[in-house]
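# Structure at a glance
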Amino acid sequence: MTTVAWVAGYPIAETEVDEREKRLRAGQFGSALPRQGTSEGRQLRRWLTQLLVAERVVAAQPGGADPPALHEVLPDAAARLEIGSIAAAVLEGPHARAVFARVTAAVDVTDADVAAYHARNPGRFGPRRAAIPLARARPAVTDHLRGAARRATFRRWLDGQVADLVRLAPGYEHPGDPRQPDNTHRH
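Residues numbered from 1 in each chain as written. Predicted model: local features only at pLDDT ≥ 70, side-chain atom pairs only at ≥ 80, totals over all residues. Heavy atoms only, no water.

## What about the environment of R129?
For clarity, the cut-off: Runs of E in the DSSP output that reach at least two residues are strands. Runs of H or I that reach at least four are helices, and both are numbered from the N terminus. Residue contacts are counted whenever heavy atoms from the two residues lie within 4.5 Å of one another.
Along the chain, the position of R129 falls in the loop between α7 (111-120) and α8 (134-165). Sequence separation between R129 and V57 is 72 residues, and the spatial gap between their C-alpha atoms is 41 Å. R129 has contacts with G123 and R124, leaving out every residue within four places of it along the chain.

## Some words on the sheet that holds strand β1 (residues 3-7)
Sheet strands associate in pairs through backbone hydrogen bonding, adopting either a parallel or an antiparallel arrangement. To be explicit about the condition: At least two bridges found by DSSP between two strands are what make those strands a pair. Think of each axis as a best-fit line through the C-alpha atoms, taken over the contacting stretch in the case of a helix, with angles from 0 to 180 degrees between the N-to-C directions.
With antiparallel pairing, three strands are arranged side by side in an open sheet as β2-β1-β3. Of all the strands in the sheet, just β2 (10-13) and β3 (166-168) have a single pairing partner and so form its edges. Taken over all neighbouring pairs, the strand axes of this sheet differ in orientation by 25 degrees on average, direction set aside. Looking at chain direction, β1 and β3 are connected through three bridges and run antiparallel. By the bridge assignment for β3, A5 is matched with L168.

## Details of the packing of aromatic side chains
Each aromatic ring pair is described using two quantities: the centre-to-centre distance and the angle formed by the ring planes. Stated formally: Any two of the Phe, Tyr and Trp rings considered here, Trp counted by its six-membered ring, make a pair once their centres fall within 6.5 Å; the pair's planes then place it as stacked at under 30 degrees, edge-to-face at over 60, or tilted in between. Whether a charge sits over a ring comes down to the Lys NZ or Arg CZ being within 6 Å of the ring centre and within 35 degrees of the ring normal.
Counting across every chain of the model gives two aromatic pairs. Ring geometry for F100 against F154: centres 5.3 Å apart, planes inclined by 55 degrees, an arrangement best described as tilted. Of this pair, F100 sits in helix α6 (residues 94-103) while F154 sits in helix α8, and the two are 54 residues apart along the sequence. Among the aromatic residues, ring-to-ring pairing joins F100, F154 and W157 into one connected group. For the cation-ring pair, R167 lies above W6, with the distance from its terminal atom to the ring centre recorded as 3.9 Å.

## Digging into the pairing of β2
Relative to β2, β1 runs antiparallel, the two being bridged by four bridges. Following the sheet pairing, T3 is matched in β2 by A13. The antiparallel pairing of β1 with β2 creates a hairpin that spans two residues between the two strands, and A8 there sits at a positive phi of about 50 degrees.

## Details of the environment of R97
Convention followed: Only protein chains enter the accessibility calculation, which uses a 1.4 Å probe. A residue is then buried if its area is under 20% of the maximum for its type, exposed if over 50%, and partly exposed in between.
Here R97 is to be found in helix α6. Classification of R97 as buried rests on a relative accessible area of 10%. C-alpha separation for the pair R97 and R46, spaced 51 residues apart in sequence, amounts to 24 Å. If we skip the residues at most four places from it in the chain, R97 touches P67, P68, A69, L70, V73, L91 and E92.

## Describing unusual backbone geometry
Although it is not a glycine, R128 adopts a positive phi angle of roughly 50 degrees. By secondary structure assignment, the location of R128 is in the loop between α7 and α8. Residue classification places R128 among the exposed residues on the basis of a relative accessible area of 84%. A positive phi is found at R129, a non-glycine position, where the angle reads about 65 degrees.

## So, the packing of α7 against α8
Any two packed helices are characterised by the angle at which their axes cross and by the distance between the axes. For clarity, the threshold we go by: Comment on the angle field: the value is read as roughly parallel under 35 degrees, roughly antiparallel over 145, roughly perpendicular from 65 to 115, and oblique elsewhere. Only Asp, Glu, Lys and Arg are considered charged in this grouping, and only Ala, Val, Leu, Ile, Met, Phe, Trp, Tyr, Cys and Pro are considered nonpolar; every other residue, Gly among them, is considered polar.
Contact geometry of α7 with α8 gives a least axis separation of 9 Å together with a crossing angle of 110 degrees. Overall, the two elements α7 and α8 adopt an arrangement that is roughly perpendicular. Contact residues: D111, D113, V114, A115, Y117 and H118 in α7; L134, A137, R138, V141, T142, H144 and L145 in α8. When its residues are assigned to classes, the contact of α7 with α8 shows seven nonpolar, three polar and three charged.

## A few points about α6
Buried within α6 are the following residues: A96, R97, A98, V99, F100 and V103. On its buried face, α6 is in contact with α2 (39-59), α3 (70-73), α5 (85-90) and α8.

## Observations regarding the pattern of salt bridges
Formally: Here, a salt bridge means any side-chain nitrogen of Lys or Arg that lies within 4 Å of a carboxyl oxygen of Asp or Glu.
Going through the model one piece at a time under the given rule, you end up with 13 salt bridges. When the shortest N-O distance is used, the salt bridge between D108 and R146 registers 3.0 Å. Remark: R146 occurs in helix α8 and D108 occurs in the loop between α6 and α7; sequence separation between them is 38 residues. Linking D159 and R155 is a salt bridge whose minimum nitrogen-to-oxygen distance equals 3.2 Å. Of this pair, D159 and R155 both sit in helix α8, separated by four residues, roughly a single helical turn. Of the residues examined, D159 reaches a relative accessible area of 40% and is grouped as partly exposed. Taken together, the salt bridges that share partners define one network made up of E14, D18, E21, R25 and R45.

Structure, rendered in structure tokens:
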């Protein structure tokens, strides 16, 4: 058995990556995925490994009885981009959303943050983007900022947990790791 990663000392087998890739390729977007064996195909397998380890990290955490709905945590495409593809994929599961709620329960925003955001974006929550008074916009601005702050907190928490608990096998480095040979992100 080839191991691709260890989460808190427990192995993740390469067969788990194979199975996840097989399911993904059999899905509705399978034809859009890169060919196996190519640089991009290996990057996909690295991404799947990152997803598996993140799922394993979250699964080991205590959650809660009443997880928030997915649309409450990730209300739109911008929120998914903001939190990152791995965290967004993990949050598809109700246990992960319960962990999200627990990890981010104390996160809030200040009145000063709300007022400053509204001053910069007075029409953000108005009809047809027309400016509306802060008093009317306050609930929407507060929810928007609190959601963004909670997603950032969860992302930092998840990144920290992965850094502390995960060891990746050679060849299964993070897709963005500049030391792995298929990395194409150059400056």
